[in-house]
Amino acid sequence: VGQLNGGAFYDSTSEKANGQRPLLDYLKLQPRGMTAEHPEDDFTNDGTMPLFANQPAYLGWLGHEQLWRGYLPELTYRREQLESFYGGNMANAGDWMRSQNIDYILWFKNDIDKDALWEKVNASLGTDYYVWHEFYRLGDHRVGLWERKK
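Computed from a predicted model, the values in this text were never measured in an experiment. (Residues numbered from 1 in each chain as written. Predicted model: local features only at pLDDT ≥ 70, side-chain atom pairs only at ≥ 80, totals over all residues. Heavy atoms only, no water.)

Helix length check: helix α4 (residues 73-86), at 14 residues, gives a terminal C-alpha distance of 20 Å against a target of 20 Å (1.5 Å per residue), a fit within 8%. All of the buried residues along α4 are Leu75, Arg79, Leu82, Ser84, Phe85 and Tyr86. Gly88 lies just past α4 and shows a positive phi near 80°. (Helix = DSSP H or I, 4+ residues; strand = E, 2+ residues; numbered from the N terminus. Expected span 1.5 Å × (residues − 1). Buried < 20%, exposed > 50% of the residue type's maximum accessible area, 1.4 Å probe, protein only.)

Laid out in structure tokens, this is it:
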């Protein structure tokens, strides 16, 4: 039987949802702060974690953001920078994230979940500005976030 509940995914037992409910619950309890996550295409679940946690997202669906905001170059820049970060290609990522006032950096999507990539991204963030919180791990699959140090 179906249900009309946009957040039901986080309670599902699907492999893709593993560990996401504890991350969502933690994020809900945190002070309001800018949240970044690996960008996906429009009409996906991208952006639902910050939405359901009542946290602002650094970037929503790019096509929609461009339409609503008049195709500002800043939006493409944000997408490119997030792709660089989540691809492990951003040097001094902690400095950049801090310059963008990002408080929470989410890591929970199976398609990017590889230990070597996580290690590379974690090293690029450094330890000066962000601390890692892990909520779930199974093999290469990690669910957690980096939280900006206060």
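Core analysis: the largest hydrophobic core is formed by 21 residues, its most contacted members being Phe85, Met97, Ile102, Ile105, Trp107, Leu125 and Trp146. Every element with two or more residues in this core is listed here: α4, α5 (93-99), β2 (102-107), α6 (115-125) and β3 (130-138). Dropping the residues within four chain positions of it, Met97 is found in contact with Leu82, Phe85, Ile102, Ile105, Leu125 and Tyr130. Counting residues in hydrophobic clusters, the runner-up holds 10 residues, among them Leu23, Ala53, Phe108 and Val143. (Core = buried A, V, L, I, M, F, W, Y, C linked by side-chain atoms within 4.5 Å. Contact = heavy atoms within 4.5 Å.)

This structure, assessed with the given rule, holds 10 aromatic pairs. An aromatic cluster of three or more residues is present, and its members are Phe85, Tyr86, Trp107, Trp118, Trp132 and Trp146. For the cation-ring pair, Arg78 lies above Tyr58, with the distance from its terminal atom to the ring centre recorded as 4.2 Å. When the ring centre of Trp118 is taken as origin, the NZ or CZ atom of Arg142, which lies over that ring, is 3.7 Å away. (Phe/Tyr/Trp six-rings, centres within 6.5 Å; stacked < 30°, edge-to-face > 60°. Lys NZ or Arg CZ within 6 Å of the ring centre and 35° of its normal.)

Our next topic: unusual backbone geometry. We note that Asn54 has phi near 60°; this positive angle belongs to a residue other than glycine. Examined against the element boundaries, Asn54 turns out to sit in the loop between α2 (48-52) and α3 (62-69). Residue classification places Asn54 among the exposed residues on the basis of a relative accessible area of 58%. Even without being glycine, Asn101 reaches a positive phi, approximately 60°.

Here we take up the pairing of strand β4 (residues 141-148). For β4, a buried count of 7 out of 8 residues is recorded, marking the element as mostly surrounded by other parts of the structure. As defined by bridge partners, β3 adjoins β4 across 8 bridges and the pair is classed as antiparallel. Across the sheet, the residue bridging to Tyr130 is Arg148, located in β4. Connecting β3 to the antiparallel partner β4 that follows it, the hairpin turn spans 2 residues, and Gly139 within it adopts a positive phi of roughly 60°. (Pairing = 2+ DSSP bridges.)

It is worth spelling out the pattern of salt bridges at this point. All told, the structure shown has 8 salt bridges when counted by the stated rule. For Glu74, the salt bridge is made with Arg78, and the minimal N-O distance between the two is 3.1 Å. Linking Glu74 with Arg78, this pair stays in helix α4, spanning 4 residues, or about one helical turn. Overall, Glu74 belongs to the partly exposed group, its relative accessible area being 35%. The class for Arg78 is partly exposed, based on a relative accessible area of 22%. Shared partners join several salt bridges into a network, and the residues in it are Asp115, Glu119, Glu134, Arg137 and Arg142. (Salt bridge = Lys/Arg side-chain N within 4 Å of Asp/Glu carboxyl O.)

Looking along a regular strand, one sees the side chains alternate between the two faces of the sheet. Taking burial as the measure, the 6 residues of β2 include 6 buried ones, the bulk of the element. Inspection of the sheet shows strand β1 (residues 34-36) paired to β2 by 3 bridges, in the parallel sense. Its bridge partner lying in β2, Thr35 is registered against Tyr104. Relative to β4, β2 runs antiparallel, the two being bridged by 4 bridges.

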